[in-house]
Amino acid sequence: MAEPVCVVSGVGPGTGSALVRRFAAGGYRVAMLARDAGRLADLAEQVPSAKAYVCDVSDQSQVDAAMDRVEREMGAPGVLIHNAVGGGWGTFMEIDPAMLNRNFQVNTMGLLYLARRVAPAMVTAGRGAIIVTGNTSAQRGRANFAGFAPTKAAQRILAEAMARDLGPKGVHVAYIVIDAVIDVPWARERFKQKPDDFFIAPAAIADEAWHLAGQPRSAWSFNVELRPYAETW
């Protein structure tokens, strides 16, 4: 049988790259979606079973074009991981309203565009997994996250609606709530006084996504929370 196909959106230097490496190590061919062509090309050189597709997931025409290529060149995806994220800080009085709309397009509409492309083939096959990487902003609206939290909350609710629709059809949808600062260079610089235990490792997030993608259908998870052992919650 041909190797299964996994699509990962938002392939950056942290969680996205870790997801690509984990699923490639597990025997998948990985379609990497992101806006940065150079970063994708570098990772594709390091991971032979991964292929780059430059795509802004907030643009439906780009999603359709990229997925046309993925399906033609790699086959129908058995796993989709929506990891692309649009963010920003500020109270509702401080933010540019355009930022809220932009983040909604990436976080929520991007999920919709991608899921609508992969779900029909998964339903026909009677199996598949759609996994979304989220965070605690999907569950609470802190003052300085007014331009971000509403879009993640909408994203989680969309994923839940998808899970209730697709689950009985054999397709597993799961949402990972990441209650932590992800260990990437910019975060290390911003929180330079914090110990290593303060951060969550991208590889650990990827391991959980791998676990969710392989869960037996008699015990599927939807809402999964991850946090460092010392995190206050």
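Here's what I pulled together on the structure shown here. Owing to the predicted nature of the structure, the values given are computational and were not obtained by experimental measurement.

### Let's talk about the packing of aromatic side chains
- Under the counting rule described, the total for this entry stands at six aromatic pairs.
- A centroid spacing of 5.1 Å and a plane angle of 70° characterise the contact between phenylalanine 23 and tryptophan 210, whose relative ring orientation is edge-to-face. With phenylalanine 23 in helix H1 (residues 15–25) and tryptophan 210 in helix H7 (residues 202–213), the pair connects residues that are 187 residues apart, well separated along the chain.
- Plain terms: the ring middles of tyrosine 28 and tryptophan 210 are 5.9 Å apart, the flat faces sit at 85° to each other, and that makes the pair edge-to-face. Linking tyrosine 28 in the loop between H1 and strand E2 (29–34) with tryptophan 210 in helix H7, this pair joins segments that are 182 residues apart in sequence.
- On the basis of relative accessibility, which here comes to 15%, the residue tyrosine 28 falls in the buried class.
- Look at tryptophan 210 and you get partly exposed, because its relative accessible area is 26%.
- Here a set of aromatic residues connected by ring pairs shows up, and it is made of Phe23, Tyr28 and Trp210.
- Seen from the ring of tryptophan 89, arginine 190 lies directly overhead, with NZ or CZ sitting 5.0 Å from the centre.

### A few points about the pattern of salt bridges
- Scanning all chains against the criterion turns up 15 salt bridges.
- Between glutamate 160 and arginine 164 there is a salt bridge whose closest N-O contact spans 3.0 Å. Note that glutamate 160 and arginine 164 are positioned in helix H5 (residues 149–166) at a spacing of four residues, about one turn of the helix.
- Accessibility expressed as a relative area gives 64% for arginine 164, which makes it exposed.
- We note a salt bridge from aspartate 183 to arginine 188, for which the minimum N-O separation is 2.8 Å.
- Exposure remark for aspartate 183: the relative accessible area of 27% places this residue in the partly exposed category.
- Owing to a relative accessible area of 29%, arginine 188 belongs among the partly exposed residues under this scheme.
- A single salt-bridge network, built from bridges that share partners, covers Asp64, Asp68, Glu71 and Arg117.

### Some details on the pairing of strand E1 (residues 5–9)
- Where burial is concerned, most of E1 is hidden: five out of the five residues are buried.
- Residue alternation in E1 divides its side chains into two sets, Val5, Val7 and Ser9 and Cys6 and Val8, and both sets are buried.
- In this structure, E1 lies alongside E2, joined through five bridges in parallel fashion. Its bridge partner lying in E2, valine 8 is registered against methionine 32.
- Relative to strand E4 (residues 79–82), E1 runs parallel, the two being bridged by four bridges. The partner of cysteine 6 across the bridge, within E4, is valine 79.

### Examining the pairing of strand E6 (residues 172–178)
- With seven of seven residues buried, E6 lies mostly within the body of the structure.
- Burial of the side chains of E6 extends over both faces: His172, Ala174, Ile176 and Ile178 are buried on one face and Val173, Tyr175 and Val177 on the other.
- Judged from the seven bridges that link them, strand E5 (residues 129–135) and E6 form a sheet pairing that is parallel. Bridge pairing in E6 links alanine 129 to histidine 172.
- Crossover handedness for the path E5 to H5 to E6: right-handed.
- Sheet topology places E6 next to strand E9 (residues 223–226); four bridges connect them, and they run parallel.

About the criteria used
Residues numbered from 1 in each chain as written. Predicted model: local features only at pLDDT ≥ 70, side-chain atom pairs only at ≥ 80, totals over all residues. Heavy atoms only, no water. Phe/Tyr/Trp six-rings, centres within 6.5 Å; stacked < 30°, edge-to-face > 60°. Helix = DSSP H or I, 4+ residues; strand = E, 2+ residues; numbered from the N terminus. Buried < 20%, exposed > 50% of the residue type's maximum accessible area, 1.4 Å probe, protein only. Lys NZ or Arg CZ within 6 Å of the ring centre and 35° of its normal. Salt bridge = Lys/Arg side-chain N within 4 Å of Asp/Glu carboxyl O. Pairing = 2+ DSSP bridges. Right-handed = clockwise from strand over helix to strand, strands pointing away.

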